Amino acid sequence: KQEVTQIPAALSVPEGENLVLNCSFTDSAIYNLQWFRQDPGKGLTSLLLIQSSQREQTSGRLNASLDKSSGRSTLYIAASQPGDSATYLCADRGTGGFKTIFGAGTRLFVKA
Amino acid sequence: DTAVSQTPKYLVTQMGNDKSIKCEQNLGHDTMYWYKQDSKKFLKIMFSYNNKELIINETVPNRFSPKSPDKAHLNLHINSLELGDSAVYFCASSQDPRVGEKLFFGSGTQLSVL
C-alpha cells in the first residue's frame, strides 16, 4: 500500500534558522516526489518536483532531495523567514502515475 | 489568469441536498483530479480523469459523481449530502502524469453540511 509519512508534524523556529522537513514513502517505484506549500484557507502551491531519476532540486532558499532506496525525501529551507510559515506537504506520485498520495504535512511557524 | 479555478469557494447546505462543484483549467492539461481535505487537513485523492476518461475512483461512495464534459472541465456532483461530507474539496490538473508532470491545484471549495 502506498503511504507517505511526514516528520515532524509541527515545527517552530526563530527567524534565520536553517531547517529540514522529512518525508518517507513506501512505494519504491515512484514516478516523482513533489513538495507543496499550503497557507491557511488556501490551495496548494507547488514548490519543487523531483523526478525518480533525480537526486535533488533547488529553487532559491529551498532544496529538496530524493533517496529512492531508503524511501526518503527532505526539504531544506535556508535562512527561514516569517513568510515561510505555512504547512508543507510532500506527495508521492506512484506506480501507474495517476495516483498521487500526500503526507499529512508539517506545520511550520517561523518567529520574527 | 487563474490556472485551475473552482466554484463556489464556499458551499453551505442542509443534509440530504444535492450540490455541484465546478472546476476548469486553462493549462491545456490532459488529466484532472478531485481531492478531499478533511478536518485533520489530510488530503486524499477521490477521482482522476485522463482525456475525459475515469482512471481512478478511490472507493468514494457512489453519491459522488464526477463529470468531465471536456478535457478542461471536471465537475463534482454530490447527491444526498451527509454531515461527513463536510470538508474542503480541491480540484487539480496535470499533464500526462506518466511522464511525471507537476500537479496544479485550485483554491478549494469549503463544503459545510448542516
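Definitions and cut-offs
Residues numbered from 1 in each chain as written. Chains lettered and ligands numbered in written order. Predicted model: local features only at pLDDT ≥ 70, side-chain atom pairs only at ≥ 80, totals over all residues. Heavy atoms only, no water. Helix = DSSP H or I, 4+ residues; strand = E, 2+ residues; numbered from the N terminus. Rg over C-alpha atoms; globule rule 2.2 N^0.38 Å. Buried < 20%, exposed > 50% of the residue type's maximum accessible area, 1.4 Å probe, protein only. Contact = heavy atoms within 4.5 Å. Buried area = accessible area lost by both parts, 1.4 Å probe. Salt bridge = Lys/Arg side-chain N within 4 Å of Asp/Glu carboxyl O. Pairing = 2+ DSSP bridges. Axes fitted to C-alpha atoms, helices over the stretch in contact; angles between N-to-C directions. Phe/Tyr/Trp six-rings, centres within 6.5 Å; stacked < 30°, edge-to-face > 60°. Disulfide = S-S within 2.5 Å.

Caption draft 1: Molecular detail of the overall build of chain B. From N to C terminus, chain B includes 0 helices and 11 strands. Put simply, chain B runs from its N terminus to its C terminus through helices and strands in the order β-β-β-β-β-β-β-β-β-β-β. Here the C-alpha radius of gyration of chain B, 13 Å, is about what a compact globule of 114 residues would show, namely 13 Å. Within chain B, buried positions represent 46% of all 114 residues.

Caption draft 2: Structural context of the interface of chain A and chain B. At the junction of the two partners, chain A supplies 21 residues and chain B supplies 27 residues. For the pair chain A and chain B, the summed buried area comes to about 1,900 Å², and 59% of that belongs to carbon and sulfur atoms. Three residues, Arg93(A), Phe98(A) and Phe102(A), lead the burial of chain A against chain B; their summed loss comes to 36% of the area buried on that side. Of the charged contacts in the structure, one is a salt bridge between Glu58(B) and Lys99(A), with a shortest N-O distance of 2.8 Å.

Caption draft 3: Fine view of the sheet that holds strand β8 (residues 73-78) of chain B. All names here are of chain B. Strand order in the open sheet formed by 4 strands is β1-β3-β8-β7, and the pairing between neighbours is antiparallel. Of all the strands in the sheet, the pair left with one neighbour each is β1 (4-7) and β7 (64-70). Shown here is a sheet whose adjacent strand axes are inclined to one another by a mean of 20°, direction ignored. Note: β7 against β8, 5 bridges, orientation antiparallel. Residue pairing across strands places Ser 65 opposite His 77, the latter belonging to β8.

Caption draft 4: Region of interest: the packing of aromatic side chains. Summed over all chains, the structure comprises 8 aromatic pairs over all chains. One aromatic cluster in this structure is built from Phe36(A), Phe102(A), Tyr33(B), Tyr35(B), Phe90(B) and Phe105(B).

Caption draft 5: Inspection of the sheet that holds strand β3 (residues 19-25) of chain A at higher detail. Residues and elements named next belong to chain A. With respect to topology, 5 strands assemble into an open sheet ordered β1-β3-β8-β7-β6, the strand pairing being antiparallel. Only two strands of the sheet have a single partner each, and these edge strands are β1 (4-7) and β6 (56-59). When the angles between neighbouring strand axes are averaged without regard to direction, this sheet yields 15°. As judged from the 6 bridges shared by β3 and strand β8 (residues 72-77), these two strands associate in the antiparallel manner. Across the sheet, the residue bridging to Ser 24 is Arg 72, located in β8.

Caption draft 6: Local environment of the side chain of Thr109(B). Checked against the element boundaries, Thr109(B) lands in strand β11 (residues 109-113). Sequence-distant contacts of Thr109(B), defined by excluding residues within four places in its chain, comprise Gln6(B), Thr7(B), Pro8(B), Lys9(B), Leu11(B), Ile21(B), Ala87(B), Val88(B) and Tyr89(B).

Caption draft 7: Highlighting the state of the cysteines. Residues and elements named next belong to chain B. Taken as a whole, this structure holds 2 disulfides over all chains when the rule is applied. Bridging Cys 23 to Cys 91, the disulfide has an S-S length of 1.8 Å. Of note, the bridge from Cys 23 to Cys 91 carries an S-S torsion of about -75° and is left-handed in sense. Of this pair, Cys 23 sits in strand β3 (residues 19-25) while Cys 91 sits in strand β9 (residues 87-94), and the two are 68 residues apart along the sequence. On the basis of relative accessibility, which here comes to 0%, the residue Cys 91 falls in the buried class.

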